[in-house]
Structure formats: C-alpha cells, structure tokens
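# Inside the fold
One letter stands for each residue in the lines below.
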Amino acid sequence: MRTPLIAGNWKMYKTRKEAFAFVDALKDLLATFDPKRVEGWICAPYLALVGLPEALAGTSVRVGAQNVHQDKEGAHTGEVSLAMLSEVGVEAVILGHSERRADCGETDRAVAEKTEAVLLAGLTPIVCVGETLEQREGGQTAALIAAQVSAVVEHLTRADAPEELASKLARLVFAYEPIWAIGTGKTASVADASTVITGIRATLTRGLGSRAEAVRILYGGSVKPDNLGAFLAERDIDGALVGGASLAPDSFAALLTVAVEASAS
Ligand SMILES: O=C(CO)COP(=O)(O)O
C-alpha cells in the first residue's frame with residue numbers, strides 16, 4: 001500500500017517572513033488533527049528553506065525544494081547543490097516542472113541526471129511530466145508522457161548505472177501535470193488523469209519490473225480541497241502536486257484532511 005502524498009509547490013511565492021507566518025498558522029491548524037497516514041510536503045523557494053524543517057518540527061509535514069543541480073559542486077553560477085539542500089534539512093526535490101522545462105530549457109536528459117543525483121543523495125525526487133493542450137489535441141499525450149518517463153527510467157537502469165541506485169528506485173515519485181491544467185482552474189477529468197497515470201505505471205513496470213508498484217504517481221493541475229478526493233479515489237493516483245491551493249495554510253491543511261479521509265476509506 002502506497003502512502004498518499006500531498007506536495008505543495010510554492011513556486012516563486014513567499015518571502016521568508018511569509019513562509020514562516022504560513023508555518024505558524026499551519027501548526028495551529030494541524031494541532032486539531034493528525035495527518036500521519038499521509039505525507040505532506042512543502043516545496044518552498046530556496047531562501048525560505050533555511051530553518052523551515054526546524055519550524056515544522058513536531059508536525060508530519062516535511063520540506064522539499066523546487067530544483068537542484070545534478071553535479072556535486074562546481075562552476076555553475078546561480079545553482080544550488082544537493083549537499084547544500086541536505087544540510088538545511090531538505091528531503092525532496094521537484095524536478096522537471098513544466099515551468100522549468102519552458103523557462104530554463106530543462107531537457108529530459110537533465111531531468112534524468114538530476115533524478116539519479118537526488119536518489120543517490122538519499123532525497124526523494126518528484127519528477128514532473130505533462131503535455132501541452134496542443135499535444136493533447138493532437139493525440140500525442142500517451143506517447144509524449146511515455147517518452148518523458150522512459151528517459152528517466154532508461155537513465156536509471158542503464159548498464160553502467162551505480163549499483164546502489166537499484167535499491168533506491170522505489171523512492172521515486174512522478175507527478176503527471178497536464179500543462180493546460182496548471183493554474184487555469186481547469187483540471188484534467190479524473191478519467192483522463194487516471195488513464196495517463198495508469199500508462200505511467202505501465203511504462204515504469206516495463207523498466208523497473210515489480211519495483212514500479214512502490215513508485216508513487218501524483219496528479220497536478222488546479223487541485224483544490226473540493227476536487228482532490230475524486231482523484232485520490234483512483235487506484236493508481238497516489239496524491240497531488242498542488243500550486244495555488246498550497247499557498248494558504250487553511251487550504252493546505254484542508255488538502256491533508258481530504259487525503260487522510262481518502263486513505264481511511
Ligand atoms: O504546477 C502545479 C504544481 O506543481 C499546479 O499548479 P496549480 O495547482 O496552481 O494549478
């Protein structure tokens with residue numbers, strides 16, 4: 001049984017002051033219920049990460065980043081390494097978000113290398129895949145998503161991959177985020193999301209065999225507390241990657257509440 005995961009992606013929102021005010025308010029809300037049966041993650045901008053895990057201590061909410069460089073260190077101006085993230089208590093990293101693929105030209109290859117680096121460093125990668133509206137309307141969704149997922153799996157399982165990687169593959173998380181559903185208020189239908197996510201698991205199974213069963217696959221794109229339950233009711237959808245609705249403490253807590261209820265039913 002896979003543990004449901006609700007990951008908030010704050011994107012480029014919240015100063016440090018705002019981030020810590022959010023945590024204070026969230027802790028008050030979490031005092032009244034225990035979201036232990038689900039994992040909650042807040043993926044904050046870099047500057048807000050410092051001190052955030054300590055501020056969340058005592059809750060079951062953990063902290064992630066939104067990107068990382070794949071190299072251990074080096075001449076990469078403006079980049080941040082896994083050692084730097086680990087040192088401040090970051091445990092997960094969102095990789096290959098469509099906004100980074102578009103804004104920063106991040107390729108499938110770079111996303112695959114970052115995924116390997118994150119796994120080897122003992123953190124959890126949340127690998128994003130998704131199609132544009134044009135690609136969906138052109139009937140390319142299934143092939144495109146399979147290619148994005150395969151690029152990662154083939155890299156992780158290539159002949160010369162480090163041996164220790166094999167034992168870490170079950171910690172992978174994928175997020176299916178149709179680009180046209182991000183920040184638009186228009187979600188994919190539950191049936192469409194489920195079809196794509198079932199396809200992702202099939203691609204994972206071809207590459208990883210039985211280890212694919214442990215991989216969690218999230219849906220992302222205009223998820224709110226009132227539509228989350230329908231996605232979580234699907235067998236292959238293990239949680240959500242949430243932008244806008246993760247920014248307010250009450251709606252993030254409401255998302256966790258829905259996930260707890262879904263996991264109990
Ligand atoms: O991009 C997203 C999360 O990574 C989704 O954003 P919204 O929930 O605001 O649509």
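Rules behind the numbers
- Residues numbered from 1 in each chain as written.
- Predicted model: local features only at pLDDT ≥ 70, side-chain atom pairs only at ≥ 80, totals over all residues.
- UniProt positions renumbered as here; feature names shortened; annotations may be inferred.
- Helix = DSSP H or I, 4+ residues; strand = E, 2+ residues; numbered from the N terminus.
- Buried ≥ 20, exposed ≤ 12 C-beta atoms within 10 Å, placed from the backbone.
- Contact = placed C-beta atoms within 7 Å.
- Axes fitted to C-alpha atoms, helices over the stretch in contact; angles between N-to-C directions.
- Parallel < 35°, antiparallel > 145°, perpendicular 65-115°, else oblique.
- Left-handed = near helix turned anticlockwise from the far one by under 90°.
- Nonpolar A, V, L, I, M, F, W, Y, C, P; charged D, E, K, R; others polar.
- Pairing = 2+ DSSP bridges.
- Arc of directions from axis to C-beta.

Taking an unreviewed UniProt entry as the reference, the chain is identified by name as Triosephosphate isomerase belonging to Ferroacidibacillus organovorans. Recorded under Subcellular location (unreviewed entry), the UniProt text for the chain is reproduced unchanged: "Cytoplasm". The Catalytic activity (unreviewed entry) field of the UniProt record for the chain holds the comment "D-glyceraldehyde 3-phosphate = dihydroxyacetone phosphate".

## Observations concerning the UniProt feature "active site" (unreviewed entry) in the chain
Per the UniProt record, "active site" (unreviewed entry) is annotated on His97 and Glu177. Spanning 81 residues, the named residues form one tight spatial group whose C-alpha atoms are at most 8.4 Å apart. With respect to the helices and strands, the residue His97 is situated in the loop between strand 4 (92–95) and helix 5 (98–104). Under the C-beta neighbour-count criterion, Glu177 is labelled buried, with 28 such atoms within 10 Å. Excluding its chain neighbours within four sequence positions, the residues that come into contact with Glu177 are Ser98, Cys128, Gly130, Ile182, Gly220, Gly221 and Leu241.

## Describing the packing of helix 10 (residues 225–232) against helix 11 (residues 249–264)
The N-to-C vectors of helix 10 and helix 11 enclose an angle of 30°; their axes lie 9 Å apart at closest approach. By the angle between their axes, helix 10 is roughly parallel relative to helix 11. The hand of the helix 10/helix 11 crossing is right-handed. Of the residues in helix 11, those in contact with Pro225, Leu228, Gly229 and Leu232 of helix 10 are Ser251, Ala254, Leu255, Val258, Ala259 and Ala262. Along the lines of polarity and charge, the residues of the contact of helix 10 with helix 11 split into eight nonpolar, two polar and no charged.

## Notes on the sheet that holds strand 1 (residues 5–9)
Spatially, 1-2-3-4-5-6-7-8 is the arrangement adopted by the eight strands of the closed barrel, whose pairing is parallel. Along the sheet, successive strands turn relative to each other by an average axial angle of 25°, direction set aside. When strand 3 (residues 61–65) meets strand 4, the two strands line up parallel, connected through two bridges. Paired with Ala65 across the two strands is Val93, which belongs to strand 4. Contacting strand 5 (124–129) and strand 6 (173–176), helix 8 (residues 141–156) crosses the sheet at an angle of about 155° to strand 5.

## Looking at the UniProt feature "binding site: substrate" (unreviewed entry) in the chain
Per the UniProt entry, the sites bearing "binding site: substrate" (unreviewed entry) are Asn9, Trp10, Lys11, Gly183, Ser222, Gly243 and Gly244 in this numbering. Across 236 residues in sequence, these annotated residues keep their C-alpha atoms within 13.9 Å of one another, forming a single compact spot. For Gly183, the position within the fold is in the loop between strand 6 and helix 9 (190–208). Of the residues examined, Gly183 has 13 C-beta atoms within 10 Å and is grouped as partly exposed. Contact partners of Gly183, with chain neighbours within four places excluded, come to Gly243 and Gly244.

## Some thoughts on helix 10
Because each turn of an α-helix spans 3.6 residues, side chains separated by three or four positions in sequence point in the same direction. For helix 10, the full list of buried residues reads Leu228, Phe231 and Leu232. Buried residues of helix 10, viewed axially, fall in a sector of 90°; they line one side. Those residues of helix 10 that are buried are in contact with helix 9, strand 7 (216–220), strand 8 (239–242) and helix 11.

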